[in-house]
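Listed here are the chains, written in short residue letters.
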Amino acid sequence: MKRILTTFIALVTMVVTSVGFTRIEGSLTESAIYPGTCHEYIVTVGEAYQPGSPAGLYIGLDGILCDAPAVMDSLTAEGVMPPMIGVFIQPGKIVDGEGNVVRYNRSNEFDAITDCFASFLETELLPEIAGLTTEDGRKIVIPSKPEWRCIMGLSSGGIAAFNAAFRRPDLIGKVFSGCGTFVPMRGGEQLQALVRKTEPGRIRVYLQDGYEDTWNPLFGSWFEANTLLNSALEFAGYDVAHDWAEGGHSVKRATEIFPEVMKWMWRDYPANISVPTSGNTTLQRYLTDEREWEAWDEVVIRQGNRQAVYPDSTFVVSTIEGSNRLAQSIIDRRNGELIYTQPFYYLHSLSGDAVEVRDMGFDADGNLWVLTTDGLQICDQNGRVRAILRFPNGFDAATMDIMADGTVALTSASGKVVKRRFNVAPAQPGVRPKSQGQA
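Numbering of residues begins from 1 in every chain and follows the order in which that chain's sequence is written. Under the rules for a predicted model, residues below a pLDDT of 70 receive no local features and side-chain atom pairs below 80 are neither given nor counted, while totals for whole chains, interfaces and linings still include all residues. For side-chain calculations, the full set of non-hydrogen atoms in the structure is used, while hydrogens and water are omitted.

Side note on the packing of aromatic side chains
So, point 1. In summary, the pairing rule links any two rings of Phe, Tyr or Trp, Trp by its six-membered ring, whose centres are within 6.5 Å, and it sorts them by plane angle into stacked for under 30 degrees, edge-to-face for over 60 and tilted for everything else. Counted according to the given criterion, the structure contains 23 aromatic pairs.
So, point 2. Arranged with centres 5.3 Å apart and planes meeting at 75°, the rings of phenylalanine 110 and phenylalanine 117 form a pair that is edge-to-face. An identical accessibility class is assigned to phenylalanine 110 and phenylalanine 117; each is buried.
So, point 3. Aromatic pair phenylalanine 315 and phenylalanine 362: ring centres 6.0 Å apart, planes at 80°, arrangement edge-to-face. Of the two residues, phenylalanine 315 is situated in strand 15 (residues 315-319) and phenylalanine 362 in strand 18 (residues 357-362); the sequence distance between them amounts to 47 residues.
So, point 4. Only protein chains enter the calculation, and the probe is 1.4 Å; a residue is then buried if its accessible area is under 20% of its type maximum, exposed if over 50%, and partly exposed in between. Classification of phenylalanine 315 by relative accessible area gives buried; the value is 8%.
So, point 5. Assessed through its relative accessible area of 8%, phenylalanine 362 is described here as buried. Numbering goes from the N terminus for both helices and strands, where a helix is a DSSP run of H or I of at least four residues and a strand is a run of E of at least two.

Here it is in structure tokens:
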């Protein structure tokens, strides 16, 4: 990827008040994820940083906010956080040949709840930063463990910071979101529901907002959205804290509490972040101590099922093309014909597009396990997603099998298999699962 050294002035960047660190300025161009964009960045490295010693990574969105390099340098000197590499990135923009901006890409990158921005960080920004060297010859070495990586953003940057870690807890383990835009712009209002349903990842989250934060009739209340997300994170068992105070949509309060937030965030380094215990009873019932998918030597090739028959052959579930729903058709006992077909099962989509169903099948409780590109979604008998299981990062699952011992195997199109054990039993043909009623 091309690097262009450039003079960097950001409207939202706060003045840096310390000289205890060095800085590198540059731009990313030729992005494959956001074509045509230019992303300006600043990298700061504290005096305590040495390439051969452990260091933390801080990713700041919208440039330098909260006087972060100076504060982190001071906290490092106090011994309450490790030496830090600061990476401060501006959202992308596209300019014409005369330098005029023809597209601001901030909302497209920051407000969306897809995994595109996390992929941009992983595959484009961080590899670029890892190739840099300071003027005094220190090479930038990015820490690999998510517990050593922190991300912060304000407003749309706040949702971008949280979503990057939520979607990719293997990539980033610590999040500070100020006045986060968790409202209906590009799906942000869905996050509180997805947090409640999705298998929680090892991330630590601090939310900040003001009681007088933005409210408008188009997008709703920022403060209310932040409190809903905080409630969801607490329910899902995350290590979460919050600060609600007087104030509006501003960086002022985030700047005031930034030192204490960083102390809270790094309070027990280098320890790992603990595995959350979700209040979701469906997840609790299925999850075991086995939290990682493991590669299987066996190679299996089969086609995914685009429909599933209920264990006692009462009805059939099938996909509806271009939809986030699945159809339920009753099997007529007299002649086997399908009758009373309705769109019945509702699936979640994290991209905003119709979710892609690759395989499905029932378990012994009559819950439908649906293999989608947005996770392994488990629906109750009334067609509602109650739990979403995460895949191994980068594994393109094509089929799913529930085995007698509770092992669930995912198979890629090339036949590679990963497996993981759950508290689940496969459906027994001819045996009617206990009814869950209509609640």
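Moving on from the model shown.
Observations concerning a nonpolar patch on the surface
So, point 1. A cluster of nonpolar residues, Val95, Val101 and Tyr104, forms a patch on the protein surface that exposes about 290 Å² of accessible area.
So, point 2. Topologically, valine 95 is positioned in strand 5 (residues 93-95).
So, point 3. Assessed through its relative accessible area of 42%, valine 95 is described here as partly exposed. Note on patches: the residues involved have over 30% relative accessible area and no salt bridge, like charges join within 9 Å, and the nonpolar side chains Val, Leu, Ile, Met, Phe, Trp and Tyr join within 5 Å. To measure how exposed things are, a 1.4 Å probe is used in the Shrake-Rupley method; for residues, cover is taken only from the protein chains shown. By salt bridge we mean one thing: a side-chain nitrogen of Lys or Arg within 4 Å of a carboxyl oxygen of Asp or Glu.

Points about empty space enclosed by the protein
It is a probe the size of a water molecule, rolled over the atoms, that shows where empty space is left.
So, point 1. For each structure, a 1 Å grid was placed over the protein atoms alone; sets of points admitting a 1.4 Å probe that cannot get out are labelled cavities, open sets with protein on both sides within 12 Å along at least five of seven lines are labelled pockets, and lining residues have an atom within 4 Å of a point. Grid points are joined across faces, edges and corners, and a volume is the space filled by probe spheres set on the points. Counted under the stated rule, the structure contains one cavity of 30 Å³ or more.
So, point 2. Space inside the largest cavity adds up to approximately 90 Å³.
So, point 3. Taken together, 13 residues form the lining of the largest cavity, with Gly46, Pro69, Met72, Asp73 and Met84 sitting closest to its centre.
So, point 4. Residue assignment for the lining of the largest cavity shows that the elements contributing at least two residues are strand 2 (39-46) and helix 1 (68-78).

Here's the deal with the sheet that holds strand 23 (residues 407-412)
Within a sheet, each strand pairs with its neighbour through backbone hydrogen bonds, oriented either parallel or antiparallel.
So, point 1. Note: two strands are recorded as paired if DSSP finds a minimum of 2 bridges between them. What the four strands build is an open sheet, ordered 13-24-23-22; its pairing is antiparallel. Where the open sheet ends on each side, the last strands, each with one partner, are strand 13 (294-296) and strand 22 (397-402). The mean angle between the axes of side-by-side strands here comes to 30°, regardless of whether they run parallel or antiparallel. In this description, a line fitted to the C-alpha atoms serves as the axis of each element, helices being fitted only across the stretch in contact, and the angle between N-to-C directions of two axes falls anywhere from 0 to 180 degrees.

Thoughts on the sheet that holds strand 18
So, point 1. One open sheet holds the four strands; their spatial order is 18-19-20-21, and the pairing between them is antiparallel. Edge positions in the sheet fall to strand 18 and strand 21 (385-389), since each has one partner strand and no second. Shown here is a sheet whose adjacent strand axes are inclined to one another by a mean of 20°, direction ignored.
So, point 2. Looking at chain direction, strand 19 (residues 368-372) and strand 20 (residues 375-379) are connected through five bridges and run antiparallel. Paired with threonine 372 across the bridge in strand 20 is glycine 375.

Quick word on the side chain of serine 278
So, point 1. Assignment of secondary structure puts serine 278 in the loop between helix 7 (252-265) and helix 8 (281-286).
So, point 2. Polar contacts, as used here, are pairs of N or O atoms within 3.5 Å; protein pairs need one atom able to donate a hydrogen and one able to accept it. Residues neighboring in sequence count only if both atoms are side-chain atoms. A distance of 3.0 Å separates a polar atom in the side chain of serine 278 from the backbone nitrogen of asparagine 280.
So, point 3. Only heavy atoms matter for contacts: two residues are in contact if any of them lie within 4.5 Å across the pair. Setting aside residues no more than four positions away along its own chain, serine 278 makes contact with Arg196, Pro200, Phe235, Ala236, Gly237, Leu283 and Gln284.

Considerations on the layout of surface pockets
So, point 1. Size it by volume and the largest pocket reaches roughly 1200 Å³.
So, point 2. Lining the largest pocket are 41 residues, and of these Arg167, Arg390, Phe391, Pro392 and Asn393 sit closest to its centre.
So, point 3. Looking at the lining of the largest pocket, the elements that each hand over two or more residues are helix 3 (116-130), helix 4 (156-167) and strand 21.
So, point 4. The element that contributes the greatest number of residues to the lining of the largest pocket is helix 3, accounting for three residues.
So, point 5. In the lining of the largest pocket, the residues fall into 15 nonpolar, eleven polar and 15 charged. Just so you know the grouping, Ala, Val, Leu, Ile, Met, Phe, Trp, Tyr, Cys and Pro go in nonpolar, Asp, Glu, Lys and Arg go in charged, and all remaining residues, Gly too, go in polar.

Structural notes on the packing of helix 1 against helix 7
Angle between the axes and distance between the axes: these two values describe a pair of packed helices.
So, point 1. Two elements in contact, helix 1 and helix 7, have axes separated by 10 Å at closest approach and are oriented at 50°. Compared by their axis directions, helix 1 and helix 7 come out oblique. Relative to helix 7, the crossing made by helix 1 is right-handed. On helix 7, the residues touching Ala68, Val71, Met72, Leu75 and Glu78 of helix 1 are Phe258, Pro259, Met262 and Lys263.
So, point 2. Partitioning the contact of helix 1 with helix 7 into residue classes produces seven nonpolar, no polar and two charged. Working definition: roughly parallel below 35 degrees, roughly antiparallel above 145 degrees, roughly perpendicular at 65 to 115 degrees, and oblique for all remaining angles. Left-handed is the label given to a crossing in which the near helix is rotated counterclockwise from the far helix by less than a right angle, and right-handed is the label when the rotation is clockwise.

Considering helix 4
One full turn of an α-helix is made of 3.6 residues, so residues set three or four places apart face in the same direction.
So, point 1. One less than the number of residues in a helix, times 1.5 Å, gives the span that helix is expected to have. Look at helix 4: 16 Å from first C-alpha to last across twelve residues, which is about the 16 Å you get at 1.5 Å a residue.
So, point 2. If you check which residues of helix 4 are buried, you get Ser156, Gly157, Gly158, Ile159, Ala160, Ala161, Phe162, Asn163, Ala164, Ala165, Phe166 and Arg167.

Focus on the pattern of salt bridges
So, point 1. Counting across every chain of the model gives 24 salt bridges.
So, point 2. For the salt bridge of glutamate 199 with arginine 420, the shortest nitrogen-to-oxygen distance reads 2.5 Å. With glutamate 199 in the loop between helix 5 (191-197) and strand 9 (204-210) and arginine 420 in strand 24 (residues 417-421), this residue pair connects regions lying 221 residues apart in the sequence. Here glutamate 199 matches arginine 420 in class, with each residue buried.

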